[in-house]
Amino acid sequence: MRIKPHHIVVALGVAIALFTAASGIVAGITGFHSDSPITREVFGNIPAPLKAAFYTVIPILLVYGAVLFANRVKNWERGRPDNRRTTPKNVHHRMADFRAGVYMQTLLREPGAGVMHSLIYFSFLVLLGVTTTLEVDHQLPDGAKFLHGDVYRAYSAVGDAAGAVFVIGMLWAILRRFGPPAWRPYRIRIKTRPEHAVIGGVMLAIGVTGFGAEAFRIAADGLPDHERWSFIGYPLATLVDGSAVHGWHQVWWVAHVVAFMAFLVILPTTMLRHMFTSPLNMYLRHRDRPKGAMRPMPDLVEGDTELETFGASVIEDFSWKQLLDTDACTMCGRCTSVCPAHATGKPLDPREIVLKTGEIMALTGSPATSPPLSSGEAEVKVPANWMFERISTEELWACTSCRACDEVCPVNIEILDKILDMRRYLTLMESDFPSELGQAFRGMENSSNPWSLSQTERADWARDLDGVRVLSGGDPLDAEYLYWVGCAGSFDDKNKKVARAMAQLMERAGVDFAILGPAENCTGDSARRSGNEYLFQMLASANIETLNSMGVRKIVTQCPHCFNTLANEYPQLGGHYEVIHHSQFLEALVAEGRLDLEGATLAERVVYHDSCYLGRHNDVYLAPRRVLGSLGGIDLVEAPRNGTKGMCCGAGGARMWMEETIGTKVNDERSRELLDTGASRIATACPFCYIMMDDGVRAAGVEDDEVQVADIALHVLEAVEARDASAANSRS
Ligand code: SF4
Ligand code: SF4
């Protein structure tokens, strides 16, 4: 029999249970007691039958809990392979992910929740250590016991401090979950289940009964002076009536043990299991590809695969790590609170995607169950593990792939991958995608660009720019940089101005560059993110063939989608290039003194809108801000949501090519936020953002002469040209 992870879980549970039972037997046989006056008697005042029950029931519950937990692990084993190996190269990153999550409780991502979690988590660990220490000391013969004298005093103080912190943390958590609406964040208000009440009740009961049992124990022992170090238990003990303290001690002790037993039952059966699964999940974050890259797929163009179905439509189509994700979810809803689709009234809720996947996984332990389901007139057979029974296509197509959910998730759950895998199934296997996407697909397939314009017009934007050299595909690249213009820069009127500005700035800086013109195809970003992997691979292979045959090494592009695809996804197909975004390139040119911005001013209040594919997908946040900040007189302000928390423009994930008919428009919402900063200019660093923000600002009734929206290259060129014109004027 092959040993599987769930066998190991059961084995661990049985081992701990046997150890606990053996401890009880040893303690019963030896009956070691300490002679020291400054200690406590373990199980003092507890009758032998209760002691025996303790050492019998706890091991049984440990085995029971381990079996329940193993069943969850068995579910993960239904997933496809996923390389999450620890290697000498990635072990540092893995440990850093683990530490950032567990030690810091992701404090920096949301301080309030992080502090509350830390209070509970760390005090719980200390209390676990305190109890274990007591049990270990209990097993030792008198000469070897160490919990007496000053050690015992310190031990008592540490135990009470941890208990107090634990109770405070639990009260905070309960008030945050069940208190008045004003105390409960939106993400908690919309998702509170009975299990939250059970977990809160059991955990608080452990803390409160612990203090109750301690207070009556101290009172029953006659308030010994050394117990003053139990700085909570002792004062409480002085308040209780001395006549019945022995009986009350037994009552509180039993209540404490029962609360702990309840904890052992709810640990594997509720979301409390995240105490184990979340740290594991953090450690296992994907390290085999950059975060902007989608999961690789087999070669569909050459048909080099034995797979019969692509993407994910049933639980078994996900990888084991994607299934572990669902058990690691803490239901915190941070992903929901940052999702632009959810915020604008679309049916998508990333937390629900994770939870529904987990529910389907748990309900369909045996995928053989295939209940017939009625669908309109015809009765169709749908497998019970069928994802689209619970997750609608509207939810999946509402995603802008902004990655805000993945970025904010405190336990590193990979939500976007799941959405995109299900899109892959819909598009590749069912041809089930929004009809407007079909037009973009046809454009990419027939004209190599989603605008469906003629490839021969690709370099028209540069026709009157003498410094722009257009290469033909196949010629060796005889320039230092290939300027990858992208479809928007080549065909969209607004973005053609960006391409021209960029070319002029590079020329001023003496950069040796050339463009591909008609030999450049769409990179395939939109095709891939809408699930059309076949089309993506077709476009990508053609581009890689061209680039490799020309010996291209260094690429500059102003499109973060092209940047991400060329840098992070083309290596999956054999294309390896040094790709730089125009914001980084301009920043370097300014820093090296090649692009002279001395005296170039832009006396405007400017707000920069973060592009998701530059920021969250590639961690480029500072370069565009530094480029703008190099201009004199500029007043650079920030929107409330910026950097890692920046709000999407609404066009990513191929949403650029789809209608937005549900709720409010994402770009309208984001534009309002940017306008509220009082900025007279909005700066972008992505062609899609440029289009979407300009549309949003105009839809808000704000004219171009009131608030101008433009790419950073346009703002920079304007300042440089104004400086030069004023210098020329003063000379003449
Ligand atoms: S990627 Fe963005 S739009 Fe998609 S689910 Fe996550 S937060 Fe929502
Ligand atoms: S997926 Fe992550 S962010 Fe979303 S609810 Fe679960 S733990 Fe929280």
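Calculation notes
- Residues numbered from 1 in each chain as written.
- Chains lettered and ligands numbered in written order.
- Predicted model: local features only at pLDDT ≥ 70, side-chain atom pairs only at ≥ 80, totals over all residues.
- Heavy atoms only, no water.
- Helix = DSSP H or I, 4+ residues; strand = E, 2+ residues; numbered from the N terminus.
- Buried < 20%, exposed > 50% of the residue type's maximum accessible area, 1.4 Å probe, protein only.
- Contact = heavy atoms within 4.5 Å.
- Areas by Shrake-Rupley, 256 points an atom, 1.4 Å probe, with all protein chains shown as cover.
- Polar contact = N/O pair within 3.5 Å; in protein donor to acceptor, adjacent residues only side chain to side chain.
- Pairing = 2+ DSSP bridges.
- Near = heavy atom within 4 Å.
- Nonpolar A, V, L, I, M, F, W, Y, C, P; charged D, E, K, R; others polar.
- Patch = residues over 30% accessible without salt bridge, like charges linked within 9 Å, V, L, I, M, F, W, Y side chains within 5 Å.
- Salt bridge = Lys/Arg side-chain N within 4 Å of Asp/Glu carboxyl O.
- Domains from an automatic or database assignment.
- Axes fitted to C-alpha atoms, helices over the stretch in contact; angles between N-to-C directions.

**Here we look at the overall build of the protein chain**
- Secondary structure assignment for the protein chain yields 28 helices and 11 strands.
- Expressed as lengths along the three principal axes of its C-alpha atoms, the size of the protein chain is roughly 105 × 70 × 50 Å.
- Scored against the burial criterion, the 732 residues of the protein chain give a buried share of 55%.
- By sequence separation, contacts in the protein chain at least 24 residues apart represent 79% of the contacts at least 6 residues apart.
- Element-wise, carbon and sulfur atoms account for 59% of the exposed surface of the protein chain, whose accessible area totals about 30,700 Å².

**Here's the deal with the side chain of Lys-321**
- Mapping Lys-321 onto the fold places it in helix α11 (residues 320-328).
- Of note is the side chain of Lys-321, whose polar atom sits 2.7 Å from the side chain of Asp-325.
- Once you skip the residues sitting within four places of it in the chain, Lys-321 turns out to touch Asp-82, Arg-84, Asn-281, Leu-284, Asn-412 and Glu-414.

**Focus on the pairing of strand β4 (residues 481-484)**
- Burial along β4 is two-sided: Tyr-481 and Tyr-483 facing one way and Leu-482 and Trp-484 facing the other are all buried.
- Note that β4 and strand β5 (residues 513-515) share 2 bridges and pair parallel. Bridge pairing links Tyr-481 to Phe-513 in β5.

**Regarding the site of ligand 1**
- Surrounding ligand 1, one finds Cys-339, Pro-340, Leu-348, Pro-350, Cys-399, Thr-400, Ser-401, Cys-402, Arg-403, Cys-405, Leu-416 and Ile-419.
- Tallied by class, residues from the shell around ligand 1 come to 9 nonpolar, 2 polar and 1 charged.

**Some points on the site of ligand 2**
- Around ligand 2, the surrounding shell holds 13 residues, and the nearest of these are Cys-329, Cys-332, Gly-333, Cys-335 and Cys-409.
- When the residues that make up the shell around ligand 2 are grouped by side-chain class, the tally is 9 nonpolar, 2 polar and 2 charged.

**Quick look at a nonpolar patch on the surface**
- The grouping of Ile-3, Ile-8 and Leu-12 at the surface amounts to a nonpolar patch, some 320 Å² of accessible area in total.
- The topology assignment puts Ile-8 in helix α1 (residues 5-30).
- The exposure class assigned to Ile-8 is partly exposed, which follows from its relative accessible area of 47%.

**Side note on the domain arrangement of the protein chain**
- According to the domain assignment, the protein chain consists of domain 1 (5-283), domain 2 (315-432) and domain 3 (439-731).
- Just the C-alpha atoms count here: the centres of domain 1 and domain 3 sit 54 Å apart.

**Quick look at the sheet that holds strand β8 (residues 605-608)**
- In space, the 4 strands of this open sheet follow the order β9-β8-β10-β11, with parallel pairing throughout. The strands lining the two open edges of the sheet, one partner per strand, are β9 (635-637) and β11 (708-711). Looking at each pair of strands side by side, their axes are set apart by 30° on average, direction ignored.
- Where strand β10 (residues 681-684) lies against β11, 4 bridges are found, and the strand directions are parallel.

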